[in-house]
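Residue-level listing of the chains:
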Amino acid sequence: MSMQGSQLQLSAPPTEAEKENQTRTIQVIIAALIMGFVTAGGIFLFLAMGDKELLTDPSEFMFLFAIAFSSMCIVARGVVGVVMPKATLSQIKHLDREEQEARLWMSYQPLAIVRGALLEGPGFFTLTMFFVTGNLLLLYVAMGLLFLMIISFPSRFKIDNWVEDKLTQLDLNR
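Since the structure is predicted, the reported quantities are computational estimates derived from the model, not experimental observations.

**Some thoughts on the packing of aromatic side chains**
Under the defined criterion, the tally for this structure stands at six aromatic pairs. Ring plane angle 25° and centroid distance 5.8 Å describe the contact between Phe61 and Phe65, whose orientation is recorded as stacked. Of the two residues, Phe61 and Phe65 both sit in helix 2 (residues 61-92), four residues apart, roughly one turn of that helix. With a relative accessible area of 54%, Phe61 lands in the exposed category. A ring pair is formed by Phe69 and Phe125, whose centres lie 5.4 Å apart and whose planes are at 80°; its orientation type is edge-to-face. Note that Phe69 is positioned in helix 2 and Phe125 in helix 3 (residues 97-133), a separation of 56 residues in sequence. The class for Phe125 is partly exposed, based on a relative accessible area of 21%. Following the ring pairs from residue to residue traces out a cluster consisting of Phe61, Phe65, Phe69 and Phe125.

**Remarks on the pattern of salt bridges**
Pairing is possible between side chains of opposite charge, provided their charged atoms come close. Tallied over the entire structure, the rule returns nine salt bridges. Note that Glu20 is salt-bridged to Arg156, the shortest N-O span being 2.4 Å. Of this pair, Glu20 sits in helix 1 (residues 16-51) while Arg156 sits in helix 5 (residues 156-172), and the two are 136 residues apart along the sequence. Exposure remark for Glu20: the relative accessible area of 40% places this residue in the partly exposed category. Residue class for Arg156 comes out buried when judged on its relative accessible area of 16%. Between Arg97 and Glu164 there is a salt bridge whose closest N-O contact spans 3.7 Å.

**Section: the packing of helix 3 against helix 5**
Two elements in contact, helix 3 and helix 5, have axes separated by 10 Å at closest approach and are oriented at 130°. When the interaxial angle is binned, helix 3 and helix 5 end up oblique. As for the relative orientation of helix 3 and helix 5, their crossing is right-handed in sense. On helix 5, the residues that touch Arg97, Gln100, Glu101, Leu104, Trp105, Ser107, Tyr108 and Leu111 of helix 3 are Arg156, Ile159, Asp160, Trp162, Val163, Glu164, Lys166, Leu167, Leu170 and Asp171.

**Points about a nonpolar patch on the surface**
A surface patch of nonpolar side chains, amounting to about 340 Å² of accessible area, comprises Val75, Val79, Val82 and Val83. Mapped onto the secondary structure, Val79 falls in helix 2.

Procedures and definitions
- Residues numbered from 1 in each chain as written.
- Predicted model: local features only at pLDDT ≥ 70, side-chain atom pairs only at ≥ 80, totals over all residues.
- Heavy atoms only, no water.
- Phe/Tyr/Trp six-rings, centres within 6.5 Å; stacked < 30°, edge-to-face > 60°.
- Helix = DSSP H or I, 4+ residues; strand = E, 2+ residues; numbered from the N terminus.
- Buried < 20%, exposed > 50% of the residue type's maximum accessible area, 1.4 Å probe, protein only.
- Salt bridge = Lys/Arg side-chain N within 4 Å of Asp/Glu carboxyl O.
- Axes fitted to C-alpha atoms, helices over the stretch in contact; angles between N-to-C directions.
- Parallel < 35°, antiparallel > 145°, perpendicular 65-115°, else oblique.
- Left-handed = near helix turned anticlockwise from the far one by under 90°.
- Contact = heavy atoms within 4.5 Å.
- Patch = residues over 30% accessible without salt bridge, like charges linked within 9 Å, V, L, I, M, F, W, Y side chains within 5 Å.
- Areas by Shrake-Rupley, 256 points an atom, 1.4 Å probe, with all protein chains shown as cover.

Dropping the structure here:
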């Protein structure tokens, strides 16, 4: 593992230690997104419980807006999950397999961060609107977004499979 400019570079192919370090780095970043979201949710829930009479009105504008915003971000998350890897594959198709593997390992981190942020953003918005309106349905939407973040948590197994899938795609497109 070396630093080239300000960017971390993995050896080609990445060693097991590099893969473990990269996995741990990605996990720490995603865990930080999740913990910030959970902490804000706890604070907003605590503050809302003392101030307001909680309601469950599905026709309330902020609830509908939060559903629309969350849905758009979930769709964008899916699009990003296709577009970013495609861009990476087009950039690395000319490289040898070992260098491709190293580049794919490096490209997973920004992909995971962007995809996590596309859940965290609407989650924070939804939590804020819950705090402002006291509509419990907004809290349920936020909990659904949190659930998606948790089940998307990167593991070494998931990253290995993702990299292998992308390498297979490169092989098939040769």
